[in-house]
Amino acid sequence: QNRVCHLFGIRYPIIQGGMVWCSGWRLASAVSNNGGLDYFSRKQAGGLGLLGAGSMHPETLREHIRKCKAAIDQPFGVNVPLMYPEIETLMEIIQEEGVKIVFTSAGNPKTWTSKLQQAGIKVA
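These lines cover the structure that appears in this document, whether it is placed above or below. Every chain's residues receive numbers from 1 upward, in the order its sequence appears when written. At least 70 in pLDDT is required for a residue's local features to be given in this predicted model, at least 80 for side-chain atom pairs to be given and counted, and no such filter applies to totals for whole chains, interfaces and linings, which use all residues. By convention in this description, side-chain values take in all heavy atoms of the structure and omit both hydrogens and water.

**So, the overall build of the protein**
Within the protein, the regular secondary structure consists of five helices and four strands. Starting at the N terminus and ending at the C terminus, the protein contains elements arranged as α-α-β-α-β-α-β-α-β. Across its three principal directions, the C-alpha atoms of the protein cover 40 × 30 × 20 Å. Accessibility here uses a 1.4 Å probe with only protein chains present; expressed as a share of the type maximum, an area under 20% marks a residue as buried, one over 50% as exposed, and anything in between as partly exposed. Across the 124 residues that make up the protein, the buried fraction comes to 44%. Between two residues, a contact is recorded if the distance between any of their heavy atoms is within 4.5 Å. Taking contacts inside the protein between residues at least 6 apart in sequence as the whole, the part at least 24 apart equals 62%. Secondary structure elements follow DSSP: runs of H or I of four or more residues count as helices, runs of E of two or more count as strands, with numbering from the N terminus.

**Topic: the nonpolar core**
Note that soluble globular proteins tend to have their nonpolar side chains buried in a common cluster. Residues Leu-51, Leu-61, Ile-65, Val-78, Val-80, Met-91 and Ile-94 are the most contacted members of the largest nonpolar core, which totals 24 residues. Mapped onto this core, the elements with two or more residues apiece are α2 (25–32), α3 (58–71), β2 (76–81), α4 (87–96) and α5 (110–118). Per-element tally for this core: the top contributor is α4, with five residues. Apart from the residues within four sequence positions on either side, Val-80 is in contact with Ala-53, Ile-87, Leu-90, Met-91, Ile-94, Val-102, Phe-103, Thr-104 and Ser-105. Formed by seven residues, the second largest nonpolar core is a distinct cluster that contains Cys-5, Ile-10, Leu-50 and Ile-101. For the purposes of this section, nonpolar cores are sets of buried Ala, Val, Leu, Ile, Met, Phe, Trp, Tyr and Cys residues that join through side-chain atoms within 4.5 Å.

**Re the pattern of salt bridges**
Any carboxyl oxygen of Asp or Glu within 4 Å of a side-chain nitrogen of Lys or Arg constitutes a salt bridge here. Under the counting rule described, the total for this entry stands at five salt bridges. Across the salt bridge formed by Arg-62 and Glu-96, the nearest N and O atoms sit 2.9 Å from each other. Of the two residues, Arg-62 sits in helix α3 while Glu-96 sits in helix α4, which places them 34 residues apart along the sequence. When its relative accessible area of 14% is taken as the criterion, Arg-62 is described as buried. With its nearest N and O atoms 2.9 Å apart, the salt bridge here joins Glu-63 to Lys-67. You can see Glu-63 and its partner Lys-67 sitting in helix α3, four residues apart, about one turn around the helix. The class for Glu-63 is partly exposed, based on a relative accessible area of 38%. Classification of Lys-67 as partly exposed rests on a relative accessible area of 35%.

**As for α3**
The span expected for a helix works out to 1.5 Å for each residue beyond the first. With 14 residues, α3 should cover 20 Å at 1.5 Å per step; its first-to-last C-alpha distance of 20 Å lies within 8% of that length. Inspection of α3 places Pro-58, Leu-61, Arg-62, His-64, Ile-65 and Cys-68 among the buried residues, and these make up the whole buried set. Down the axis of α3, the buried side of the element spans an arc of 165°, and every buried residue falls inside it. Across α3 from its buried face, at more than 90 degrees, point the exposed residues Glu-59 and Ala-70. Packing partners of the buried residues in α3 comprise α2, β1 (49–52), β2 and α4. Summarising the geometry, the arc corresponds to the directions from the helix axis toward the C-beta atoms.

**Side note on the pairing of β2**
Most of β2 is tucked away: six of the six residues are buried. Burial along β2 is two-sided: the face carrying Phe-76, Val-78 and Val-80 and the face carrying Gly-77, Asn-79 and Pro-81 are both buried. As a crossover connection, the stretch from β1 through α3 into β2 is right-handed. The pairing criterion is simple: DSSP has to find at least two bridges between the two strands. Direction of pairing for β2 relative to strand β3 (residues 101–105): parallel, over a ladder of four bridges. Residue pairing in the sheet places Asn-79 in a bridge with Phe-103 of β3. Each parallel crossover has a hand, and for β2 linked through α4 to β3 it is right-handed. Here a crossover is taken to be right-handed if, once the strands point away from the viewer, the path from the first strand over the helix to the second is traced clockwise.

Following this line, the structure appears as structure tokens:
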């Protein structure tokens, strides 16, 4: 257990990158999954899976968030490139769907950090 594990409520300090086209609900849930087996230790996976919102239309992101929630009961987050053309819509969906962790990229996080934190979201 270390600060990263404690902050995100995960077992191992492994954070999956939000790799646009690759980072859908299947990958994020596999990284976070409480029932998945780690290849080396044969224990629960327990990393932090991230959905890559940069390649998703807003409603596609909503769908992936819901599928991830249905697949696991462990923490996961969303990586949001801040230069996304419909950033306001993405942020609304993230809050409406109760996402607890957001990683920002590709832009200045200052505009969104305090708003997300006020909504109870951890921002990295």
